[in-house]
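Listed below, chain by chain, are the residues.
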Amino acid sequence: MGDFEDVKAAIESEFPGWLVWRSDAGRWYATRSGDLTDAQLQAGYAMTVAADDEPGLRELLREQAGRDAGNG
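Starting from 1, residues in each chain are numbered consecutively following that chain's sequence as written. Totals for whole chains, interfaces and linings use every residue, but because this is a predicted model, local features are given only for residues with pLDDT of at least 70 and side-chain atom pairs only at 80 or more, for both listing and counting. The basis for the side-chain values is all heavy atoms of the structure; hydrogens and waters are excluded.

A.B. asks: Honestly, helix H1 (residues 4-14) in this entry has me stumped. Any pointers?
C.D. replies: Residue pairs spaced three or four apart in an α-helix point in one direction, given the helix's 3.6 residues per turn. Among the residues of H1, those classed as buried are Phe4, Val7 and Ile11. Along the long axis of H1, the arc covered by the buried residues comes to 65°, so they all point the same way. When the buried face of H1 is taken as reference, the exposed residues oriented beyond 90 degrees from it are Asp6 and Ser13. At its buried positions, H1 is contacted by strand E1 (18-22), strand E2 (28-32) and helix H3 (54-70). Categorising residues by exposure relies on relative accessible area from a 1.4 Å probe, with only protein chains included: less than 20% of the type maximum marks a residue as buried, more than 50% marks it as exposed, and the intermediate range marks it as partly exposed. Numbering goes from the N terminus for both helices and strands, where a helix is a DSSP run of H or I of at least four residues and a strand is a run of E of at least two. This arc is taken over the directions from the axis of the helix to the C-beta atoms. We call two residues in contact whenever any of their non-hydrogen atoms come within 4.5 Å of each other.

A.B. asks: How do you make sense of the packing of aromatic side chains when you look at a structure like this?
C.D. replies: What describes a pair of aromatic rings is the distance from one ring centre to the other and the angle between the planes of the rings. Each pair of aromatic rings taken from Phe, Tyr and Trp, with Trp reduced to its six-membered ring, is defined by centres within 6.5 Å and is described as stacked if the planes are under 30 degrees apart, edge-to-face if over 60, and tilted in the remaining cases. Taken as a whole and judged by the stated rule, the model has 2 aromatic pairs. Taken together, a centroid distance of 5.2 Å and an interplanar angle of 10° make the contact between Trp21 and Tyr29 stacked.

A.B. asks: Hey, could you run me through the pairing of E1 in this one?
C.D. replies: Remember that side chains alternate between the two faces of the sheet whenever the strand is regular. One ladder, built from 5 bridges, connects E1 with E2; its direction is antiparallel. Counterpart to Arg22 in the pairing with E2 is Trp28. The hairpin formed by E1 and E2 contains 5 residues between the paired strands, and Gly26 there has a positive phi angle of roughly 95°. Think of it this way: DSSP has to see at least two bridges between two strands before they count as a pair.

Printed below as a string of structure tokens:
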């Protein structure tokens, strides 16, 4: 795998509005940089998503982006 900072920057560029980090245990996280409304939360939007690896995180972010596209 490449340097984490490069991968982090690439993900954040691909998914604007998300901040990415990795836990000491190696789990990948992304959290929104802005707030969600109660209606968005009830509709399944997530403030934070977590995955075991980079591909899993990207998939979760694609799912969240799909919600955004479907409600724009």
